[in-house]
Amino acid sequence: MKMIDSYPALLSAYEGPAFCLEKWKAYIDALLPCDSSLFLSDMESCLQTGGFTWEADYLPVLNAVASNGVLREKAHDAFRRTTENLEQLVSHRFGKSLDVEIIFYLGLCNGAGWATQYHGQNMILLGIEKIMELNWCEIDDMRGLIYHELGHIYHAQYGVLKRPVSNQADRFLWQLFTEGVAMYFEQALVGDCNYYHQDKNGWRQWCQDHLKEIQADFDRDRHTMTPASQRYFGDWVVYHGHSDVGYYLGCQFVHDLLSRYSFDQIICLDVDAVGRAYQQFLS
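Please read these numbers as outputs of a predicted model, since none were measured by experiment. (Residues numbered from 1 in each chain as written. Predicted model: local features only at pLDDT ≥ 70, side-chain atom pairs only at ≥ 80, totals over all residues. Heavy atoms only, no water.)

## Regarding the packing of helix α8 (residues 168-190) against helix α13 (residues 271-282)
In step 1: The geometry of α8 relative to α13 is characterised by a closest axis approach of 10 Å and an angle of 80° between their N-to-C directions. Considered as vectors, α8 and α13 are oriented roughly perpendicular to each other. Between α8, through Asp170, Leu173, Trp174, Leu176 and Phe177, and α13, the contact on the second element is made entirely by Val271, Val274, Gly275 and Tyr278.
In step 2: Classifying every residue of the contact of α8 with α13 by side-chain character gives seven nonpolar, one polar and one charged. (Axes fitted to C-alpha atoms, helices over the stretch in contact; angles between N-to-C directions. Helix = DSSP H or I, 4+ residues; strand = E, 2+ residues; numbered from the N terminus. Parallel < 35°, antiparallel > 145°, perpendicular 65-115°, else oblique. Contact = heavy atoms within 4.5 Å. Nonpolar A, V, L, I, M, F, W, Y, C, P; charged D, E, K, R; others polar.)

Below you can see the structure in the form of structure tokens.
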């Protein structure tokens, strides 16, 4: 596990308070193990959808990094404190190490937390501009960004994260399962089986009180829903007024699996085994 903190140099991407794309390219290419084209191509794909513009949607977010030093320092401090001794924590909880680079950087609004591979290297990219825009600058927010993605990387490194699926229903069930694995990984690192980084304004208690309803609705919906219509994954969708309920349901599913399997056995289950286990979970 390797930490790359480009924070000390990120203001080199500005001319005074104004963001400069050419200076940003030089900053990225000099400090990060991936070149600026990775971020530029992602941004261009987003702009081509027609829903966003550089002037209205990107520049204000980027310029806010230079202008808000207090929030900028707070975000960086949360990153530093969350990643301190992180490798030892993973080893202590799971007995294994992870091959991953965790990078704190100034991006092009590519995402607050972005897990990807670059030339075969696992990376978790933490974009300070989006972290500040969303005000995810507390320790708990940073844990949610980092620990969850580490769970997916552990699943990929020591189990099988991606499986071929033959239909949409199995695709969503597999998503529920893998997100549940990552949520459990978060809980194990925090040391609290009731921990959810989404737990604000009574979110966990509501999910707990409505678990049977969530189970039944997800099992029915997964046969007909699409990525555009699903209401279980993401803070931009809602299920009866609550976001991210699929993460709670998935984690409860994994807890049920842990009564019969070890964690390292769970992350090696195939689609059919997950399907049978989910039906047992429902009953």
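## Brief notes about the nonpolar core
Within soluble globular proteins, side chains that are nonpolar generally end up buried alongside one another.
In step 1: Counting 93 residues, the largest nonpolar core has Trp24, Phe39, Leu106, Leu126, Leu150 and Phe218 as its most contacted members.
In step 2: Ranked by residue count, the leading element in this core is α8, at 11 residues. (Core = buried A, V, L, I, M, F, W, Y, C linked by side-chain atoms within 4.5 Å. Buried < 20%, exposed > 50% of the residue type's maximum accessible area, 1.4 Å probe, protein only.)

## Topic: the pairing of strand β4 (residues 101-105)
In step 1: Most of β4 sits inside the fold, with five of its five residues counted as buried.
In step 2: Alternating residues of β4 divide into Glu101, Ile103 and Tyr105 and Ile102 and Phe104, and every residue in both groups is buried.
In step 3: The pairing of strand β1 (residues 2-5) with β4 spans four bridges and is parallel. Across the sheet, residue Met3 finds its bridge partner in β4, namely Ile102.
In step 4: In the sheet, β4 pairs with strand β6 (residues 121-127) via five bridges, with the strands oriented parallel. By the bridge assignment, Tyr105 is partnered in β6 with Gly127. (Pairing = 2+ DSSP bridges.)

## Brief notes about the environment of Gln157
In step 1: When you line up the elements, Gln157 lands in helix α7 (residues 139-158).
In step 2: We classify Gln157 as partly exposed; its relative accessible area is 30%.
In step 3: A C-alpha to C-alpha distance of 38 Å links Gln157 and Tyr14, two positions 143 residues apart in sequence.
In step 4: Not counting residues up to four positions away in its chain, the partners in contact with Gln157 are Ser97, Leu98 and Asp99.
In step 5: Of note is the side chain of Gln157, whose polar atom sits 3.3 Å from the side chain of Tyr158. (Polar contact = N/O pair within 3.5 Å; in protein donor to acceptor, adjacent residues only side chain to side chain.)

## Comments concerning the environment of Met3
In step 1: Relative to the elements of secondary structure, Met3 occurs in strand β1.
In step 2: On the accessibility criterion, Met3 (31% relative accessible area) is partly exposed.
In step 3: The spatial distance from the C-alpha of Met3 to the C-alpha of Glu101 is 5.8 Å, given a sequence separation of 98 residues.
In step 4: In contact with Met3, other than residues within four places in its own chain, are Thr83, Leu86 and Ile102.

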